[in-house]
Amino acid sequence: MRLSIKAPAKINLSLDVLYKRPDGYHEVKMVMTTIDLADRIELIPLPEEDVIRIVSQNRFVPDDCRNLAYQAAKLMKETFSIRQGVAISITKHIPVAAGLAGGSSDAAATLRGLNKLWQLGLTVRELAELGAQIGSDVAFCVYGGTAVATGRGEIITPIPSPPPCWVVLAKPPIGVSTADVYRNLQLEHVCHPDVDAMVKAIERQDYEGICRLVGNVLEEVTLKKYPEVAHIKEQMKRFGADAVLMSGSGPTVFGLIEHDSRMQRVYNGLRGFCDQVFAVRLLGERHSLD
Ligand SMILES: C[C@](O)(CO)[C@H](O)COP(=O)(O)OP(=O)(O)OC[C@H]1O[C@@H](n2ccc(N)nc2=O)[C@H](O)[C@@H]1O
Ligand SMILES: Nc1ncnc2c1ncn2[C@@H]1O[C@H](COP(=O)(O)OP(=O)(O)OP(=O)(O)O)[C@@H](O)[C@H]1O
């Protein structure tokens, strides 16, 4: 049996950092939602017991134990003493090191898929707990949909999805290290977004409110180091996006747009000077993961 699983990217509609913890991680409070830009993961059982093989055509994706999907399979094999090997084929559509949780989503899709392939019967919550051992964003990616994430990002509370809209994404040709961004964050100087107000705006399906409340404390760190990210933000605003924000630690910038014609204008305008531009829908609900 071969299994094919969708691994969607996420954006952070609101990202606040509360304090630095003694374990080196930062305590966060975020609203995350999945978008219809997705990698495709295929799981193929192998007869050899101890083999996890990563197959990917993308030269930026490691094909060894550094790959988060590999780590997911290894964790499942070890935790449940599975004696079957697996090949994991990854077709990348999500840009790498972009702030869109591409690797985390591949790991989460691998966990969901192996749960089926090896008939483990684990709940979403149990899979998310395993995922948190791989990376902070993996737990959310196991759930998908829309959620508030707290702790270091691994405590997930699902919430309703925002009203449907377009999401235009633009990634400048730079890769950003998440660890560096957190390290350079100066918490005493940041302007904190109102995460609770964002949750309320989503609950009452208030699109204008959502647009007004988007915010990300990590933005300033990345913008300072990479002026091209600030330039993309300005252009996206100028072309008419309803709200513009950097996702996660960056460098991808996203714009929320309600109307089709405006989406076309923003998309075409950005394509003029940025190679990686995407126009997708919010996925919102949890259902469309497979
Ligand atoms: C920026 C976000 O993508 C927003 O969703 C996440 O907070 C980052 O999630 P991630 O990439 O899965 O992060 P991890 O792989 O767990 O951690 C990478 C590095 O980022 C820093 N890190 C990450 C999460 C967190 N809450 N505090 C941190 O300080 C740590 O230095 C860590 O070594
Ligand atoms: N399956 C994978 N796909 C892409 N990159 C991977 C994968 N597994 C490991 N990596 C490594 O992880 C690094 C970060 O890539 P990724 O695309 O996950 O970043 P990101 O979108 O910024 O993540 P986040 O938003 O969770 O911080 C890459 O440089 C790559 O070497």
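Keep in mind the model is a prediction, meaning the values are calculated, not measured.

1. Concerning the site of ligand 1
Next, step 1: For ligand 1, the set of nearby residues contains 19 residues, the closest of which are His26, Ser136, Asp137, Arg152 and Tyr182.
Next, step 2: Here Lys10 contributes a side-chain N or O atom positioned 3.3 Å from an oxygen atom of ligand 1.
Next, step 3: Among the elements of the structure, β1 (3–20), β2 (26–46) and α5 (178–183) are those that each provide at least two residues to the shell around ligand 1.
Next, step 4: When grouped by side-chain class, the residues that make up the shell around ligand 1 number 8 nonpolar, 8 polar and 3 charged.
Next, step 5: When residues of the shell around ligand 1 are sorted by domain, at least three fall in each of domain 1 (3–158) and domain 2 (166–281).

2. Considerations on the domain arrangement of the chain
Next, step 1: Looking at the assigned domains, one finds that the chain contains domain 1 (3–158) and domain 2 (166–281).
Next, step 2: With centres defined by C-alpha atoms, the gap from domain 1 to domain 2 works out at 23 Å.
Next, step 3: The interface is formed by 27 residues belonging to domain 1 together with 33 residues belonging to domain 2.
Next, step 4: Taking both partners together, domain 1 and domain 2 bury about 2,200 Å²; carbon and sulfur atoms supply 67% of that area.
Next, step 5: Counting every contact that joins domain 1 to domain 2 gives 1 salt bridge.
Next, step 6: Our enumeration of links across domain 1 and domain 2 arrives at 10 residue pairs in polar contact (both at pLDDT 80 or more).
Next, step 7: For the side of domain 1 that touches domain 2, the element with the highest residue contribution is β1, accounting for 11 residues.
Next, step 8: In the side of domain 1 that touches domain 2, the residues fall into 17 nonpolar, 5 polar and 5 charged.

3. As for the side chain of Ser14
Next, step 1: One can find Ser14 in strand β1.
Next, step 2: Beyond its immediate stretch of four places on either side in the chain, Ser14 contacts Lys29, Met30, Val31, Pro193, Val195, Met198 and Gly215.

4. Section: the side chain of Thr222
Next, step 1: For Thr222, the position within the fold is in helix α8 (residues 219–225).
Next, step 2: A relative accessible area of 1% places Thr222 in the buried class.
Next, step 3: Apart from the residues within four sequence positions on either side, Thr222 is in contact with Val176, Val181, Val229, Met246 and Ser249.

5. Things to note about the packing of helix α1 (residues 68–79) against helix α2 (residues 102–117)
Next, step 1: Put simply, α1 and α2 touch, their axes get as near as 7 Å, and they point 30° apart. Of the two possible hands of crossing, α1 and α2 adopt the one that is right-handed. Side by side, α1 and α2 meet where Leu68, Ala69, Ala72, Ala73 and Met76 of the first sit next to Gly103, Ser104, Asp106, Ala107, Thr110, Leu111, Leu114 and Asn115 of the second.
Next, step 2: Of the residues contributing to the contact of α1 with α2, the split by class is 8 nonpolar, 4 polar and 1 charged.

6. Points about the pattern of salt bridges
Next, step 1: This model, assessed by the stated rule, comprises 17 salt bridges.
Next, step 2: Close ionic contact of Asp64 with Arg66 constitutes a salt bridge, the shortest N to O distance being 2.9 Å.
Next, step 3: Overall, Asp64 belongs to the partly exposed group, its relative accessible area being 27%.
Next, step 4: For the salt bridge of Glu219 with Lys233, the shortest nitrogen-to-oxygen distance reads 2.9 Å. One end of the pair, Glu219, is in helix α8; the other, Lys233, is in helix α9 (residues 227–239), and 14 residues separate them in sequence.

7. Re the packing of aromatic side chains
Next, step 1: In the structure shown here, the tally under the stated rule is 0 aromatic pairs.
Next, step 2: A cation over an aromatic ring shows up here: Arg152 above the ring of Tyr25, its NZ or CZ 5.0 Å from the ring centre.
Next, step 3: Across from the ring centre of Phe239, 4.9 Å away, lies the NZ or CZ of Arg238, which sits over that ring.

8. Comments concerning the site of ligand 2
Next, step 1: Around ligand 2 sit 18 residues, and of these Ala97, Ala101, Gly103, Asp106 and Asp137 come closest.
Next, step 2: One of the backbone nitrogen or oxygen atoms of Gly103 is found 2.8 Å away from an oxygen atom of ligand 2.
Next, step 3: With 4 residues, α2 is the single largest residue contributor to the shell around ligand 2.
Next, step 4: Of the residues assigned to the shell around ligand 2, the class counts are 7 nonpolar, 6 polar and 5 charged.

9. Things to note about the sheet that holds strand β10 (residues 253–257)
Next, step 1: The strand order β9-β10-β7-β11 describes an open sheet built from 4 strands, whose pairing is antiparallel. On the outer flanks of this sheet lie β9 (243–246) and β11 (276–281), each paired with one strand and no other. Across this sheet, the average inter-strand angle for adjacent strands is 20°, counted without regard to direction.
Next, step 2: One ladder, built from 5 bridges, connects strand β7 (residues 166–171) with β10; its direction is antiparallel. In the strand pairing of β10, Trp166 is matched with Ile257.
Next, step 3: Contacts between helix α10 (residues 260–271) and the sheet are confined to β7, β10 and β11, with β7 contributing the most and set at about 5° to the helix.

About the thresholds
- Residues numbered from 1 in each chain as written.
- Chains lettered and ligands numbered in written order.
- Predicted model: local features only at pLDDT ≥ 70, side-chain atom pairs only at ≥ 80, totals over all residues.
- Heavy atoms only, no water.
- Near = heavy atom within 4 Å.
- Polar contact = N/O pair within 3.5 Å; in protein donor to acceptor, adjacent residues only side chain to side chain.
- Helix = DSSP H or I, 4+ residues; strand = E, 2+ residues; numbered from the N terminus.
- Nonpolar A, V, L, I, M, F, W, Y, C, P; charged D, E, K, R; others polar.
- Domains from an automatic or database assignment.
- Contact = heavy atoms within 4.5 Å.
- Buried area = accessible area lost by both parts, 1.4 Å probe.
- Salt bridge = Lys/Arg side-chain N within 4 Å of Asp/Glu carboxyl O.
- Buried < 20%, exposed > 50% of the residue type's maximum accessible area, 1.4 Å probe, protein only.
- Axes fitted to C-alpha atoms, helices over the stretch in contact; angles between N-to-C directions.
- Left-handed = near helix turned anticlockwise from the far one by under 90°.
- Phe/Tyr/Trp six-rings, centres within 6.5 Å; stacked < 30°, edge-to-face > 60°.
- Lys NZ or Arg CZ within 6 Å of the ring centre and 35° of its normal.
- Pairing = 2+ DSSP bridges.

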